[in-house]
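Survey of secondary and tertiary structure
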Amino acid sequence: QRCQDICKVLAQPYPLQGENGAFLAHVSASIGIAVWNEQIDSDEALIQAADRAMYQVKDHGKNGCALAST
């Protein structure tokens, strides 16, 4: 739920001032989450699990969250 809340906040447009005047910026996030368990044997393995989860989100349209299945 917290991850989806973060994506909603980031998705709200916000005004910026550029060289050519004001414009609205739109941001999205693809977030992969991995939780350590006894099957994960290193920090690198945990990061790789989160990375795979993030790419699952990207493959399904971006701007969302996925929990890694380890």
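See the structure above.
The structure reproduced in this document is the subject of the present report.

How each quantity is defined
Residues numbered from 1 in each chain as written. Predicted model: local features only at pLDDT ≥ 70, side-chain atom pairs only at ≥ 80, totals over all residues. Heavy atoms only, no water. Helix = DSSP H or I, 4+ residues; strand = E, 2+ residues; numbered from the N terminus. Buried < 20%, exposed > 50% of the residue type's maximum accessible area, 1.4 Å probe, protein only.

At K62, a position not held by glycine, the phi torsion is positive, near 70°. Mapped onto the elements of the fold, K62 is located in the loop between α2 (43-59) and β4 (64-67). The phi torsion at N63 lies on the positive side, around 55°, for a residue other than glycine. Here N63 lies in the loop between α2 and β4. A relative accessible area of 35% places N63 in the partly exposed class.

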